[in-house]
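Descriptive analysis of the structure
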Amino acid sequence: MHECLEAVAELLRKGRVVADDKSAPCLSLVFLRKVSSGETLELSELYPAVDPYRVFESPLELLLKGGPTPLLKVGERPKEAWAKLEWYNPFSRSIKDRTTYALLRSVNGDRLVEVSSGNVALALSAMGLLMGKRVKVYVPTAGRYVEPFLEIYGVEHEVLDVTMTVEALEHIRSDVAKGAVHTNQFENDANFFAHIRTAAELDWQLQRRGRRPDFIVAGVGTSGHSAALGFYFSVRYKSKLVAVQPKDWIPGLRRVETGVKWLKWVDAEVVDVSFEEAMKGVRALARKFGILAGISSGAVYYEYLRRSEEGVYAMVFPDDLFKYYEVLRSR
Ligand code: PLP
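Calculation criteria
- Residues numbered from 1 in each chain as written.
- Predicted model: local features only at pLDDT ≥ 70, side-chain atom pairs only at ≥ 80, totals over all residues.
- Heavy atoms only, no water.
- Phe/Tyr/Trp six-rings, centres within 6.5 Å; stacked < 30°, edge-to-face > 60°.
- Buried < 20%, exposed > 50% of the residue type's maximum accessible area, 1.4 Å probe, protein only.
- Lys NZ or Arg CZ within 6 Å of the ring centre and 35° of its normal.
- Domains from an automatic or database assignment.
- Contact = heavy atoms within 4.5 Å.
- Buried area = accessible area lost by both parts, 1.4 Å probe.
- Polar contact = N/O pair within 3.5 Å; in protein donor to acceptor, adjacent residues only side chain to side chain.
- Helix = DSSP H or I, 4+ residues; strand = E, 2+ residues; numbered from the N terminus.

Going through the model one piece at a time under the given rule, you end up with 14 aromatic pairs. A ring pair is formed by Phe192 and Phe193, whose centres lie 5.1 Å apart and whose planes are at 85 degrees; its orientation type is edge-to-face. Overall, the relative accessible area of 0% leaves Phe192 in the buried class. Aromatic ring contacts, followed pair by pair, group Phe215, Phe289, Tyr301, Tyr304, Tyr313 and Phe317 into a single cluster. Directly above the aromatic system of Phe275 lies the positively charged group of Arg331, at a separation of 3.8 Å from the ring centroid.

Laid out in structure tokens, this is it:
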């Protein structure tokens, strides 16, 4: 477990923490700025700064100040439910904009390499270009639906004949040997700590309605966002994390036994949802609320629907359906 989690827990419990030599580097990842040892940090600094006019000087400013992403009520008492619509992020139209920005801030180097089945590939292409970096992405076969978008960005990419993102990892070793830096969404703790901020944003929104979640339901890919939300809300309100893994295949999700890093840092109930069940969730959301949520969002919603416990549920819907057109046509 990360040595600075205790400092983050203190921030969540007391609303403030004093950084020390050990905690300053990872608190810098949470606060997205350089934090010095001895500095006092307030939880409220993580809440979004909102410009009601939504006028932005640059695309990165749009990412950082364009939020919060909407929180939509998708269930009434006794199983009240709120879903965070992460496709309102500007680049990959997914939660991975947040992850990728944090990864980019955490590494040095002008040449970057990453493996992604979709959303990180898009986010890294967009933000890498904006930051003047040369980006190369490897995409496993299952993620080839993003290829036309990568071509539009003009970034170097290779679709590999492997089924899982982790299997593709060895292909980047030669790039790293030649001097490229691996942003490493699977191992780089910047991923997890970035989503402490996502959790604070969700908390801030729920507070406007006087709500505290009893349950967090989220999908597991790298486990960055599910684990961070689970950590945040279990420390602050003793909420329970329900982590959704794919029974067969769901774009963006993977099974816990394939070795996810951060879910081990929290208590979670891990549940299986199949592609077909996820699509039932997608259809239910479309027919009830008019929204075309992505397949992993459908999986999360399906899990919420089948649970019997009463209480307040907070869910993350990582992206929407549009980029999966080809996936839907081919099944
Ligand atoms: N859903 C979608 C559509 C994704 O692209 C991803 C990750 O790529 C996830 C869920 C899982 O997110 P995480 O990597 O934070 O576990």
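Our next topic: the domain arrangement of the chain. The domain boundaries assigned to the chain delineate domain 1 (5-46), domain 2 (65-94 + 189-329) and domain 3 (96-182). Measuring from the centre of the C-alpha atoms in domain 2 to the corresponding centre in domain 3 gives 24 Å. The partner domain 3 presents 20 residues to the 26 residues of domain 2 that form the contact. Carbon and sulfur atoms make up 58% of the surface buried where domain 2 meets domain 3, a total of about 1800 Å² over both sides. Counting the surface domain 2 buries against domain 3, the share from its top three residues, Phe91, Ser92 and Lys323, is 32%. At the surface where domain 2 touches domain 3, the tally comes to 10 residue pairs in polar contact (both at pLDDT 80 or more). With 6 residues, helix α8 (residues 190-208) is the single largest residue contributor to the side of domain 2 that touches domain 3.

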